[in-house]
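# Examination of the molecular architecture
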Amino acid sequence: MKHHAAFGLAMDDIDVVVVEDSKPMQTILRSTLLSFKVARVRTFDSVDDALEASLAEPPNLIITDWRMAPTTGYQLLRLVRHKHMEPLCFVPILFITAHGTRPLVDKALRAGAHHVLVKPLSPSTLYKRIEWVLNDDRPMVLEHSGFYNIFGIQKLMDEQAEKVKSLANARINHQTAVKKRAAVEGAVDKAFEKKPEPAPVPTATGGFARRAEGAKKRHSAASRHIRNA
């Protein structure tokens, strides 16, 4: 097991490679990184150019976009992490994307990315994430597939996926319980609406009157009691 290539370095010691096919975003990242006083920033429009330069001079950190053509940021990650790419396989990779969905983040981290950042990206957020990487002491381990990955990441992602699944199941159970309660309350209301006719009550004139009002009040009180139970 071996630490990644940026572990323990200071911000002003690191050589950063930026892979971004958007020129405006490339300029923003370059100026932001230089404001952090990093030692060196190299920017590239494509994965192929970045890979060629990185093989010749391995950087300490790669910051790359996710969606690029013809080679994507994810493909760059898989290429870099292969054991035959040593020492490049130990370089930490930060993704920047406008589409930070849960499946994308899960896919990137399981493949060996150190972090996924979502656009628009503030300088303070980028600075904190780079600092976090510089202090990230998780070692890199060689998997049976022949690719290096971050130690313990698969287990961590499985645990997080299980938590998400449990929360989803809890929400479904809650929704089901709410529907059942609504159905029971509806059945109770209907049962009290279909109450039997009250028995006639003799009057002073010898006729009969129906005791409806009192019955109605008693049934309404009972219905409210059951609904509020």
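Read on for an overview of the structure. (Residues numbered from 1 in each chain as written. Predicted model: local features only at pLDDT ≥ 70, side-chain atom pairs only at ≥ 80, totals over all residues. Heavy atoms only, no water.)

### Digging into the layout of surface pockets
Reported here for the largest pocket is a volume of approximately 190 Å³. In this structure, the largest pocket is lined by 13 residues; those nearest its centre are Leu109, His114, His115, Trp132 and Ile153. Elements that contribute at least two residues to the lining of the largest pocket include exactly helix H4 (102-110), strand S5 (115-118) and helix H6 (153-193). The leading source of residues in the lining of the largest pocket is H6, at four residues. Looking at the lining of the largest pocket residue by residue, the classes come out as nine nonpolar, three polar and one charged. (1 Å grid on protein atoms, 1.4 Å probe; cavity = no way out; pocket = protein on both sides within 12 Å on 5 of 7 lines; lining within 4 Å. Points joined across faces, edges and corners; volume = space filled by probe spheres on them. Helix = DSSP H or I, 4+ residues; strand = E, 2+ residues; numbered from the N terminus. Nonpolar A, V, L, I, M, F, W, Y, C, P; charged D, E, K, R; others polar.)

### Notes on the pairing of S5
Two elements, strand S4 (residues 93-97) and S5, share four bridges in a ladder whose sense is parallel. Its bridge partner being in S5, Ile96 is matched across the sheet by Leu117. Crossover handedness for the path S4 to H4 to S5: right-handed. (Pairing = 2+ DSSP bridges. Right-handed = clockwise from strand over helix to strand, strands pointing away.)

### Let's talk about the pairing of S4
Taken across its five residues, S4 has five buried, putting it largely inside the fold. By the alternation rule, side chains of S4 split into Ile93, Phe95 and Thr97 and Leu94 and Ile96, which are all buried. A crossover links strand S3 (residues 61-65) with its parallel partner S4, the connecting element being helix H3 (residues 73-81), and its sense is right-handed. (Buried < 20%, exposed > 50% of the residue type's maximum accessible area, 1.4 Å probe, protein only.)

### Description of helix H1 (residues 23-35)
For H1, which comprises 13 residues, the first-to-last C-alpha distance of 18 Å matches the rise-based estimate of 18 Å (1.5 Å per residue) to within 8%. Residues of H1 that are buried include every one of Met25, Gln26, Leu29, Thr32 and Leu33, and no others. Considered in projection along H1, the buried side chains sweep an arc of 135 degrees and stay on one side of the axis. In H1, the exposed residues that point more than 90 degrees away from the buried face are Pro24 and Thr27. In this structure, the buried side of H1 is in contact with strand S1 (15-19), strand S2 (40-44), S3, S4 and helix H5 (123-134). Phi for Lys37, located one or two positions after H1, is positive at around 70 degrees. (Expected span 1.5 Å × (residues − 1). Arc of directions from axis to C-beta. Contact = heavy atoms within 4.5 Å.)

### Observations concerning the pattern of salt bridges
Under the defined criterion, the tally for this structure stands at nine salt bridges. A salt bridge links Lys119 to Glu20, with the shortest nitrogen-to-oxygen separation between them at 3.5 Å. A residue pair is termed long-range when its members are at least 10 positions apart, and Lys119 in the loop between S5 and H5 and Glu20 in the loop between S1 and H1 qualify at 99 residues. Under the relative-accessibility criterion, Lys119 is labelled partly exposed at 24%. By relative accessible area, Glu20 is classed as buried at 2%. When the shortest N-O distance is used, the salt bridge between Asp65 and Lys119 registers 3.7 Å. (Salt bridge = Lys/Arg side-chain N within 4 Å of Asp/Glu carboxyl O.)

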